[in-house]
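Architecture and fold: a report
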Amino acid sequence: FRAKFVGGLQRPQVLRLAYCGAHSQSDLSRSEVVSLKRGARLRSWWATAVFADDSEAGCVLGFLTAHRFAGQVEISDELLEASHATENRQPTGRYVLWSEPIFFASAGRVMDALIAYGCHVGLLNGKRGAKSPVWGWGSWGHFHDAVTATLALSNAEELCRSDLRGTGPPLVHVDHGWEEQFQAHRPAPTWKARGEFGGELAPLGRKLRARGVRLGAWVVPFAVNSSGPLPRALHAAVLRDSTGQPWPVVGRECYGLDPTCPAGERWLRELFGRLKRAGITHYKLDFLRVLLATDPDDPHYGLGQPSPFQAGLTRVEAYRRGLEIIRDVVGPRAHLLACGAPLLPSAGLIDSVRILPAKAERGASGHRY
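Overview of the structure. Because the structure is a prediction, the values reported are computed rather than measured.

In this section: the packing of aromatic side chains. Each pair of aromatic rings is reported with the distance of its centres and the angle of its planes. This structure, assessed with the given rule, holds eight aromatic pairs. Each ring, one from Trp137 and one from Phe143, has its centre 6.2 Å from the other, and the planes form 65°; the classification is edge-to-face. Measuring from ring centre to ring centre gives 6.3 Å for Phe222 and Tyr319, while their planes differ by 70°; the resulting arrangement is edge-to-face. You can see Phe222 sitting in the loop between strand 14 (214–219) and strand 15 (223–225) and its partner Tyr319 sitting in helix 7 (residues 315–330), a full 97 residues away along the chain. Connected via pairs of aromatic rings, a cluster forms that spans Trp178, Trp191 and Trp218.

Given below as structure tokens:
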């Protein structure tokens, strides 16, 4: 799709909606307003809004779905263009590559066009019924990975005694640190609870439910740390390159998990079935981006390369398949919070997305998973 600006743009401002990169400082991860300089060319994933700095009028161009392919929008002072990364797929004979649907609108207020875009995205992606906002306490902001069951219970007691009130029961979310680690800030692949939790989260879940409090937990479903021993169940589940070697992701510290193969699906179903039985109703799913691309510009794992996933699925299809498996296991009432996630491919499958400014990429402790 191409739209040409007759006479060119004058002093344009661009709102890039681009979260798809390897981290919040990636050029393709920013959701920000920037000035488009003469002769420059900017790129965004999923959608872009364009408006003049002295007017509210503007236009929006974006993809409405990302069910098979990742779309991008590029803009210069003369041209606005939407295109797909098709992972080297070429139409042959009667085989046709169908585009994801595209939205284009101009309005006297660019915000009206953005709202219309968001409404159409919801409709085409089977927007789930609105859930009550989540409220409660989370461990990461202060304790980082030093959380314990005792800390979680004491904060649950404070929540119950406080005047804070939200819709529905409060949540106690145990973040990174509840799980066994084989070295500092490196979770073990088994996702079993540390000794401080008695080896499992179920006792904590029961105690919280007795107080009318929900339990939430942090988990990385699509990446497996590579420094420790790999469980037998995961040997056939990790992504592999053309030589059969595990495919490293996340700074080459992890292997990617393939949810499109039987072993990968079994692993996800076992893991989230175990977490559900422990009483968890809120899941903070982190580092989801690794299943789509460590970074869209990565020459070794970029969206222009053939897909490594089984069953001939594209990266976007594999990503959505992984989320569909998780949702099927935990059920429609559980809350899925996506972190480090590509926005549009997540639509219709998750309940909320965490987005942080670039400075918040590292916690106060300076550590990063």
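After that view of the structure, there is still more to cover.
Spatial ordering of the open sheet is given by 1-8-7-4, a layout of four strands whose pairing is antiparallel. In the strand order of this sheet, the two ends are held by strand 1 (2–4) and strand 4 (42–45), each with one partner. Taken over all neighbouring pairs, the strand axes of this sheet differ in orientation by 20° on average, direction set aside. Relative to strand 8 (residues 79–85), strand 1 is paired through three bridges, and the arrangement is antiparallel. The partner of Lys4 across the bridge, within strand 8, is Leu79.

A sheet is described by the order of its strands in space; here five strands give the open sequence 3-2-5-6-9, paired in antiparallel fashion. Both edges of this open sheet fall to strand 3 (31–35) and strand 9 (102–107), since each of them pairs with a single strand only. Strand-to-strand, the axes of this sheet are offset by a mean angle of 15°, without reference to chain direction. Pairing of strand 5 (residues 47–52) with strand 6 (residues 58–63), which is carried by five bridges, proceeds in the antiparallel orientation. Paired with Phe51 across the bridge in strand 6 is Gly58. Of the strands in this sheet, strand 2 (12–17), strand 5, strand 6 and strand 9 touch helix 1 (residues 110–124), which is tilted by about 20° from strand 6.

What counts and how
Residues numbered from 1 in each chain as written. Predicted model: local features only at pLDDT ≥ 70, side-chain atom pairs only at ≥ 80, totals over all residues. Heavy atoms only, no water. Phe/Tyr/Trp six-rings, centres within 6.5 Å; stacked < 30°, edge-to-face > 60°. Helix = DSSP H or I, 4+ residues; strand = E, 2+ residues; numbered from the N terminus. Pairing = 2+ DSSP bridges. Axes fitted to C-alpha atoms, helices over the stretch in contact; angles between N-to-C directions. Contact = heavy atoms within 4.5 Å.

Honestly, it's all geometry; don't read function into it.
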